[in-house]
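What follows is each chain in one-letter form.
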Amino acid sequence: MNQPVSHDHAHDHDAHDHGHEHQHAHAAKSACQDTKAHSCCGGEPAPALVQLTEQASSDAQLSRFRIQAMDCPTEQGLIQDKLGKMAGIEQLEFNLINRVLGVRHTLQGTDAIERAIDSLGMRAEPLTDDEDSAAAPAAKTHWWPLALSAVAAITAEIVHFSALAPEWVVALLALAAILGCGLGTYKKGWIALKNRNLNINALMSIAVTGAVLIGQWPEAAMVMVLFTVAELIEARSLDRARNAIGGLMQLTPDMATVQQADGQWLEVEVRGVALGASVRVRPGERIGLDGEVLSGQSSVDQAPITGESLPVEKVVGDKLFAGTINQEGALEYKVTALAGQSTLARIIKAVEEAQGARAPTQRFVDQFSRIYTPVVFALALAVAILPPLLMGGVWFDWIYRALVLLVVACPCALVISTPVTIVSGLAAAARKGILIKGGVYLEGGRKLDFLALDKTGTITHGKPVQTDFSALDPLFADRAQALAASLGERSDHPVSRAIAQFAQAQQLPLSDVSNFAALSGRGVRGEIDGQLYHLGNHRLVEELGLCSPQLEAQLDTLERQGKTVVLLLDRSGPLALFAVADTVKDSSRQAIAELHELGIKTVMLTGDNPHTAQAIAAQVGIDRAEGNLLPSDKLKTIEALYAQGHRVGMVGDGINDAPALARAEIGFAMAAAGTDTAIETADVALMDDDLRKIPAFVRLSRASAAILIQNIVLALGIKAIFLVVTFTGMATLWMAVFADMGVSLLVVFNGLRLLRK
């Protein structure tokens, strides 16, 4: 039987869109991680993939290094400046979330690279090819030097205010406090200054040194201690955002039970399991690799991959994903992807790369801070020099105010507010099975006011099922279903298969069919027990001259409901009528209702006939539907909506509907689990078939935008207040540290709130 049920995918299979891949190339090629573990101010972060030469050499090799101190764009910029000047180095690949640097070079050995990085105060540990680049835990730092420094700084303050000892004792205590906790800051500050980078370490080093030179020993010590404490708290807080992504890497077990050539089952490392190997997983175990069930039946918790709240039943032939949890039954499965190429591995890679797709707010903040920091430094110099020279001011007072200004005005809180918010939003979405390919899309989701949706596989299940049966000849009321199923079982057409599957579910006995033939575009025919039967569409009934006005009316009624109608006929006339339809997902109705609550209008774009389109749209509450559309027609609809001033998203399956997905402001791919193309090309990949994740994405986008605005206003507002207080002479250095680092911690904690959404 060859009458089509849906044209959506038939039309779209030949639609290829290279422009869409080009549009997202930056996401695939970028691994710039803006997760910071320390305060990083000033300097424009370099891109994650840095090409230093126009053409790659054929004999170039890739060397990888773990650099524990490389955890923010400041270190990245220093390394790029240093290695970029060395001959023989062609490309740098930065992975800040794992603190790994890849260097493509033509050098003999890596000693020169290691020495260059050592000169920046960082240690480069070479990684072998088979060594995992996943983030290693940061080296533990001892707390006791900081504790002793804090005691020394507090004692210096007490001794200074109470005059219990000479001033040299105060100076000695303060110096001990500064050296005890501030040598690392001075070292990083000096390296930054040598590289003409005014980051927080450089500004803090200048401020503390200036305080010492003008005799403010207790304040200099307290500033350094408070800065170190705040930096430590900030590092621990920001590690939550890092761990939210890194935690995905811990989902896959290290070992799997694999069948050997002699039939024995042995536990081997997951990384060494070959394609096609048979793996056994017991109840309660995590599944180690992507695969396909060979034997057994169980339910599997797929929440780590798809975000589904309920376990999914698995039988022979079903897909399994690495990192998911087997529930009550034992399963044996065939490996379909190596450990490094599993769905989970691709999700981790995509989320890491997504952090490099810089959001508009982040780009603005970076550009702002690049200009802001030198301007503030120049202003501080002017405050220190001009009033004493031009207005007879006291040098001591104005130099002190300039030092306070340096600390207060550092844009640390502003710079750090955007990446931690974006990373938290990306991680929160990944936990729910929403894979966002960059901060630009996380921010852009809040602007959508129109959503176009494909029908088959998006709003509907994409699998036609029998919905109606009517015996037209009372004599065949009991036999018609079995006869139709016997013919349908011989066909590969979806409509025929739906009728056959319905009969099989009812456990109806099927008959042998002889002289079977497919009738192109009309149906099938065959002989059962010596009697010729036809199973076909309206066109076939007309050709056989067996149609009637009453039958026409019945067919029209069902077709207006969006159903495909076929009939069982013998030589005397129609015996039974069957209606088949692609059923709507229960989640689709709720998703459309939630989108309407968010103020987003909807349109369905389908290759099906207009009757079917209108019927499905009415069932789920979609605002309007357009049928008989080719891929180019869907693209024109998207462009027409843009011309009307709308911000448009498009939902498809990530492979078909390519032109419309590419043109939309945000392309959403459905059924992305296990689909390479969807994960690689979609702006947002929904890791299961649940449309309700789109309104969840929009709400997350709006929450992220609100927090970004809050953080920027908070950072700039409090700094503006303290700048005014500084010029009046009321602010002190330790108050400045509280203001700067306090705001930094506030914006970090505010951004981390997204992890709870």
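Below is a summary of the structure that appears in this document. (Residues numbered from 1 in each chain as written. Predicted model: local features only at pLDDT ≥ 70, side-chain atom pairs only at ≥ 80, totals over all residues. Heavy atoms only, no water.)

### A word on the pattern of salt bridges
Taken as a whole and assessed by the stated rule, the structure comprises 15 salt bridges. Aspartate 582 serves as the salt-bridge partner of lysine 455, at 3.8 Å between the closest nitrogen and oxygen. Placement of lysine 455 in the loop between strand S16 (450-454) and strand S17 (460-471) and of aspartate 582 in strand S22 (residues 573-584) is noted, with a sequence separation of 127 residues between them. Given the relative accessible area of 9%, aspartate 582 is considered buried. The partner of aspartate 690 in a salt bridge is arginine 692, and the shortest N-O contact between them spans 2.8 Å. The buried category is assigned to aspartate 690, whose relative accessible area is 14%. Here arginine 692 falls in the partly exposed class, since its relative accessible area comes to 32%. Beyond isolated ion pairs, a larger network of salt bridges with shared partners links Glu267, Arg282 and Glu285. (Salt bridge = Lys/Arg side-chain N within 4 Å of Asp/Glu carboxyl O. Helix = DSSP H or I, 4+ residues; strand = E, 2+ residues; numbered from the N terminus. Buried < 20%, exposed > 50% of the residue type's maximum accessible area, 1.4 Å probe, protein only.)

### Topic: helix H7 (residues 167-194)
In this model, H7 (28 residues) spans only 34 Å end to end at C-alpha, well below the 40 Å of a helix rising 1.5 Å per residue. Of all the bends in H7, the greatest, near 70°, is centred on glycine 182. Those residues of H7 lying buried are Val170, Ala171, Ala174, Ala177, Ile178, Cys181, Gly182, Thr185, Gly189, Ile191 and Ala192. (Expected span 1.5 Å × (residues − 1). Bend = angle between axes of the 7 residues up to and from the residue.)

### So, the packing of helix H20 (residues 586-597) against helix H25 (residues 693-727)
Between H20 and H25, the least distance of the axes is 8 Å, while the angle of their chain directions is 25°. Relative to H25, the element H20 is oriented roughly parallel. For the pair H20 and H25, contact is made by Ala591, Glu594 and Leu595 and by Ile694, Pro695 and Arg699, respectively. Taken together, the residues that form the contact of H20 with H25 break down as four nonpolar, no polar and two charged. (Axes fitted to C-alpha atoms, helices over the stretch in contact; angles between N-to-C directions. Parallel < 35°, antiparallel > 145°, perpendicular 65-115°, else oblique. Contact = heavy atoms within 4.5 Å. Nonpolar A, V, L, I, M, F, W, Y, C, P; charged D, E, K, R; others polar.)

### Here we look at the sheet that holds strand S15 (residues 434-436)
The strand order across the open sheet formed by seven strands is S15-S27-S26-S25-S16-S23-S24, and the pairing between neighbours is mixed. The sheet terminates laterally at S15 and strand S24 (624-626), the two strands that pair on one side only. This sheet shows a mean twist of 20° between the axes of neighbouring strands, independent of strand direction. Here S16 pairs with strand S25 (residues 648-652) via four bridges, running parallel. Looking at S25, one finds that alanine 452 is bridged to methionine 650. Packed onto the sheet, H25 meets S15, S16, S25, strand S26 (666-669) and strand S27 (684-686) and runs at close to 50° relative to S15. (Pairing = 2+ DSSP bridges.)

### Here's the deal with the side chain of serine 587
Within the secondary structure, serine 587 is located in helix H20. Filtering out sequence-adjacent residues up to four positions away, serine 587 remains in contact with Asp689, Asp690, Leu691 and Arg692.

### So, the nonpolar core
Core analysis: the biggest nonpolar cluster contains 39 residues, and Ile436, Ile459 and Phe668 have the highest contact counts within it. Sorting elements by how many residues they give to this core places H25 first, with seven residues. In this view, isoleucine 459 contacts Leu453, Asp454, Val584, Lys585, Ser588, Met604, Ile616, Val620, Ile622 and Leu691; residues no more than four positions away in its chain are not counted. Listed in part, the 32 residues of the second largest apolar core include Ile214, Met222, Leu226 and Ala736. (Core = buried A, V, L, I, M, F, W, Y, C linked by side-chain atoms within 4.5 Å.)

### What about unusual backbone geometry?
At alanine 163, a residue that is not glycine, the phi angle is positive and equals roughly 55°. Among the structural elements, alanine 163 can be located in the loop between helix H6 (144-162) and H7. Residue alanine 163 is classed as exposed on the basis of its relative accessible area, which comes to 61%. Positive phi outside glycine occurs at asparagine 515, with the angle close to 50°. Note that asparagine 515 resides in strand S18 (residues 514-519).

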